[in-house]
Amino acid sequence: MDLQLELNKTGGFKNLELLAKQVVEGFIAGMHKSPFHGFSAEFAEHKIYNQGESTKHIDWKLFAKTDRLYTKRYDEETNLRCHLILDNSTSMHYPESAGTSIGNLNKSAFSALACASLMHILKKQRDAVGLSVYSDAYDFYSPEKGSERHHQMLLSKLSEAVISKPESKSTETYTYLHQIAEKIHRRSLIFVFTDMFQTSEDDEKLFEALRHLKHNKHEVVLFHVFDKEKELTFEFDNRPKRFIDVETGEYINLYPDNIKDNYEKAVSSYFKTLKLKCGQYRIKYVEADIRKGFNQILTTYMVERQKFV
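Read on for a plain summary of the structure. No experiment lies behind these values; they were computed from the predicted model shown.

1. Comments concerning the overall build of the protein
So, step 1. Along the backbone of the protein there are ten helices and twelve strands.
So, step 2. Classification of the 309 residues of the protein by burial places 48% in the buried group.

In structure tokens, the structure reads:
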């Protein structure tokens, strides 16, 4: 038995909050060279300092980096509500050999750490965040709040999700998205983390559920989480393999090269349809390849945060 592999499978994140902080700080270090100069490591909003204003709120650390004077702007109360939706169905626990180190994550762990990283930013900006988790059932819901106690509770739920692989194979994503949509009443920025795989083949129901999330003028971002190398381009060595559908338990024995072209065409067609439907419903679609890290997710947040008014 590979002891380290077993520990990775059952232990979960040792400190999800610390990992999230590392992800965000690494992103911020690179962001100072990007167009997002309005955010500091503390995520306070900035404006250019005008002569004659009080120097009390000048950000001297940012001055040292940019050689320009900016003042921090603080809001008296929360000005954004964000709801994170995590698909924790059986298929999200692929690949099973992955652990919980940043460089080796399955789709569930990747999504949980992405959520925790977004929560870290939202906390710094004193914004309210809520969380929904579903698998083969609607596992957890919490409305948007901004307290430290609430933040710690959500981190705990995210950590639990990573190690709580559902036993049932059936997943009806559209059912739970409809239920979540009914619960979010006040206008919010909604981030959905899902691989868009489900037992049912009724794609229209799934797209209608995504459309439902747009009610009450919510802004919705779909982070399509997948392992691009394996699940899209089907990069396997050409030896006899057994491929098992983790949602249904069905399997097929074959040489990967025998179906690679047809598989890639079918999956690419589905992804293209998904992108088109998201565009039709004015939902932002973002590819989230678990092998590519978190910069695109955090950049998307920054862009959507500035647009959300």
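2. Focus on unusual backbone geometry
So, step 1. In this structure, the amide linkage connecting tyrosine 94 to the following residue, proline 95, adopts the cis form with an omega of -5°.
So, step 2. Within the secondary structure, proline 95 is located in the loop between β3 (81–87) and β4 (100–101).
So, step 3. The phi dihedral of arginine 126 is positive, around 60°, even though this residue is not glycine.
So, step 4. Tracing the backbone shows arginine 126 in the loop between α4 (107–124) and β6 (128–134).

3. A look at the packing of helix α6 (residues 173–183) against helix α7 (residues 203–212)
So, step 1. With their axes 8 Å apart at the nearest point, α6 and α7 run at an angle of 15° to one another. Compared by their axis directions, α6 and α7 come out roughly parallel. Judged by the twist between their axes, the crossing of α6 over α7 is left-handed. Between α6, through Thr173, Tyr174, Leu177, His178, Ala181 and Glu182, and α7, the contact on the second element is made entirely by Lys205, Leu206, Glu208, Ala209, Leu210 and His212.
So, step 2. Looking at the contact of α6 with α7 residue by residue, the classes come out as six nonpolar, three polar and three charged.

4. Thoughts on the packing of α7 against helix α9 (residues 256–280)
So, step 1. Contact geometry of α7 with α9 gives a least axis separation of 11 Å together with a crossing angle of 35°. Handedness of the crossing formed by α7 with α9: right-handed. Of the residues in α9, those touching α7 at Asp203, Glu204, Leu206, Phe207 and Leu210 are Tyr270, Thr273, Leu274 and Lys277.
So, step 2. Tallied by class, the residues present in the contact of α7 with α9 amount to five nonpolar, one polar and three charged.

5. Considering the environment of cysteine 82
So, step 1. Positionally, cysteine 82 belongs in strand β3.
So, step 2. Cysteine 82 sits in the buried class, given a relative accessible area of 0%.
So, step 3. Distance in space between the C-alpha atoms of cysteine 82 and arginine 305 is 9.7 Å, their sequence separation being 223 residues.
So, step 4. Other than its neighbours up to four places away in sequence, cysteine 82 contacts Leu122, Ala128, Val129, Gly130, Glu144, Leu189 and Phe191.

6. Quick notes on the environment of glutamate 148
So, step 1. Among the secondary structure elements, glutamate 148 is positioned in helix α5 (residues 148–163).
So, step 2. Between the C-alpha atoms of glutamate 148 and lysine 123, which are 25 residues apart in sequence, the distance is 8.2 Å.
So, step 3. Excluding residues within four positions of it along the chain, glutamate 148 makes contact with Glu17 and Lys123.
So, step 4. A distance of 2.7 Å separates a polar atom in the side chain of glutamate 148 from a polar atom in the side chain of lysine 123.

Thresholds applied
Residues numbered from 1 in each chain as written. Predicted model: local features only at pLDDT ≥ 70, side-chain atom pairs only at ≥ 80, totals over all residues. Heavy atoms only, no water. Helix = DSSP H or I, 4+ residues; strand = E, 2+ residues; numbered from the N terminus. Buried < 20%, exposed > 50% of the residue type's maximum accessible area, 1.4 Å probe, protein only. Axes fitted to C-alpha atoms, helices over the stretch in contact; angles between N-to-C directions. Parallel < 35°, antiparallel > 145°, perpendicular 65-115°, else oblique. Left-handed = near helix turned anticlockwise from the far one by under 90°. Contact = heavy atoms within 4.5 Å. Nonpolar A, V, L, I, M, F, W, Y, C, P; charged D, E, K, R; others polar. Polar contact = N/O pair within 3.5 Å; in protein donor to acceptor, adjacent residues only side chain to side chain.

Purely geometric numbers; function is a separate question.
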